[in-house]
Amino acid sequence: MVDIVVTPGSVVAGTNSTRDIGTAGETITAGQPIYLDATTNKWMKSDNNGTGTRTVHGISLNGASLNQPVSIHKSGDITIGATLVAGTDYWLSGTAGGLCPRADLATGMDAVQVGIAKSTTVLAVDIQDPGVTLA
């Protein structure tokens, strides 16, 4: 699977960003898709190969270690700090905290779309999770 390579220092929320703030449940890097763990009420890296982690509630806007504050981009435009292909849709990958193009999803993964590239640097985040596992 070929995940996009994010430069954490270049991750910036757009002016139309919907945000939240929470506590990290593990080490998180800016630009990673994350979810809120219902048991611990802490933010964790989303992972399409994990059990109970195949969901995305947002993208981290900053790096954080365990129990540190993390800002979450929930929707709207984000400069993701990676080279994107305009018009391409990006999905939760099988790597914890990774994003990949749809073509890189594999059998057994869930179809969790995170957003569509508006340009080579900006991802329009609109998380879609229909609860479908690819056959």
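Residues numbered from 1 in each chain as written. Predicted model: local features only at pLDDT ≥ 70, side-chain atom pairs only at ≥ 80, totals over all residues. Heavy atoms only, no water.

(A) Layout of the pairing of strand E6 (residues 69-79). Bridge analysis of strand E1 (residues 12-13) against E6 gives 2 bridges, and the strand direction is antiparallel. In the strand pairing of E6, Ala 13 is matched with Ile 78. The pairing of strand E2 (residues 18-23) with E6 spans 6 bridges and is antiparallel. Considered in E6, the bridge of Thr 18 is made with Ser 75. Note: strand E5 (residues 58-60) against E6, 2 bridges, orientation antiparallel. Bridge pairing in E6 places Ile 59 opposite His 73. Where E6 lies against strand E10 (residues 122-128), 4 bridges are found, and the strand directions are antiparallel. Following the sheet pairing, Gly 76 is matched in E10 by Val 125. (Pairing = 2+ DSSP bridges. Helix = DSSP H or I, 4+ residues; strand = E, 2+ residues; numbered from the N terminus.)

(B) Here's a closer look at the packing of aromatic side chains. The full count for this structure, using the stated rule, is 0 aromatic pairs. Between the NZ or CZ atom of Arg 102 and the centre of the ring of Trp 91, over which it lies, the distance is 5.0 Å. (Phe/Tyr/Trp six-rings, centres within 6.5 Å; stacked < 30°, edge-to-face > 60°. Lys NZ or Arg CZ within 6 Å of the ring centre and 35° of its normal.)

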